[in-house]
Amino acid sequence: MAIVFFILLGITVFVLLLALQMRWMVSLALRRALADKFGGLPSDAAYRQGVADAGRQISHTDVASHLNTTYPDQLAHLRLARRASVFTLPVIVALLVVLRFGLEAF
């Protein structure tokens, strides 16, 4: 039984790492696209905030509205990665609690 929970833990950690990588890569690609469109560097604070605001219901900046209209598929991937990184953390904690206190695996 403990082996099944260790396998689930490994899969969940893999999903978390994949989601974090996807968030980083999509954010970097969108910031580079904004730097090409509007000028400046991809590390500018306006571009970082624009990528953070894009994909949400309320977009206050010109950068975020440009991203919402131009790159909807990439923003859907970013939203999926955000959800996956938020939901996998409690699953990892729950699996660790079950392994430690329920099955006394370590």
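Residues numbered from 1 in each chain as written. Predicted model: local features only at pLDDT ≥ 70, side-chain atom pairs only at ≥ 80, totals over all residues. Heavy atoms only, no water.

(A) Summary view of the overall build of the protein. Within the protein, the secondary structure is distributed over four helices and zero strands. Taking all 106 residues of the protein together, the buried fraction comes to 30%. Across the protein, the fraction of contacts at a sequence separation of at least 24, relative to all contacts at a separation of at least 6, is 60%. Split by element, the accessible area of the protein, about 6900 Å² in all, is 67% carbon and sulfur. With 10 positive and 6 negative side-chain charges, the protein shows a separation of 4 Å between the mean positions of the two kinds. (Helix = DSSP H or I, 4+ residues; strand = E, 2+ residues; numbered from the N terminus. Buried < 20%, exposed > 50% of the residue type's maximum accessible area, 1.4 Å probe, protein only. Contact = heavy atoms within 4.5 Å. Areas by Shrake-Rupley, 256 points an atom, 1.4 Å probe, with all protein chains shown as cover. Lys, Arg positive; Asp, Glu negative; His and termini not counted. Charge placed at Lys NZ, Arg CZ, Asp CG, Glu CD.)

(B) Layout of the side chain of His66. Its place among the elements puts His66 in helix α3 (residues 62-70). Overall, His66 belongs to the buried group, its relative accessible area being 16%. If near-sequence neighbours (up to four positions away) are discounted, His66 is found in contact with Leu34, Lys37, Phe38 and Tyr71.

(C) Inspection of the packing of aromatic side chains at higher detail. Within this structure, the stated rule accounts for one aromatic pair. Between the aromatic rings of Phe6 and Phe106, the centroid separation amounts to 6.5 Å while the plane-to-plane angle is 45°, which identifies the pairing as tilted. Of this pair, Phe6 sits in helix α1 (residues 2-38) while Phe106 sits in the segment after α4 (72-102), and the two are 100 residues apart along the sequence. For Phe6, a relative accessible area of 38% corresponds to the partly exposed category. (Phe/Tyr/Trp six-rings, centres within 6.5 Å; stacked < 30°, edge-to-face > 60°.)

(D) Just the packing of α1 against helix α2 (residues 45-53), in detail. It is the contact of α1 with α2, at a shortest axis distance of 10 Å, that shows an interaxial angle of 125°. Viewed along their axes, α1 and α2 adopt a mutual orientation that is oblique. Judged by the sense of rotation from one axis to the other, the crossing of α1 with α2 is right-handed. Side by side, α1 and α2 meet where Ser27, Leu30, Arg31, Leu34, Ala35 and Phe38 of the first sit next to Tyr47, Arg48 and Val51 of the second. Looking at the contact of α1 with α2, its residues break down into six nonpolar, one polar and two charged. (Axes fitted to C-alpha atoms, helices over the stretch in contact; angles between N-to-C directions. Parallel < 35°, antiparallel > 145°, perpendicular 65-115°, else oblique. Left-handed = near helix turned anticlockwise from the far one by under 90°. Nonpolar A, V, L, I, M, F, W, Y, C, P; charged D, E, K, R; others polar.)

(E) Inspection of a nonpolar patch on the surface at higher detail. Judged by side-chain polarity, Ile3, Ile7, Ile11, Phe14, Val15 and Leu18 come together as a nonpolar surface patch covering roughly 590 Å² of accessible area. Counting through the fold element by element, Ile3 comes out in helix α1. (Patch = residues over 30% accessible without salt bridge, like charges linked within 9 Å, V, L, I, M, F, W, Y side chains within 5 Å. Salt bridge = Lys/Arg side-chain N within 4 Å of Asp/Glu carboxyl O.)

(F) Here's a closer look at α1. Between its terminal C-alpha atoms α1 stretches 54 Å, which fits the 54 Å expected from 37 residues at 1.5 Å a residue. Phi turns positive, to about 85°, at Gly39, one or two residues after α1. (Expected span 1.5 Å × (residues − 1).)

(G) Structural context of unusual backbone geometry. Phi is positive for Glu104, close to 50°, though the residue is something other than glycine. With respect to the secondary-structure elements, Glu104 resides in the segment after α4.

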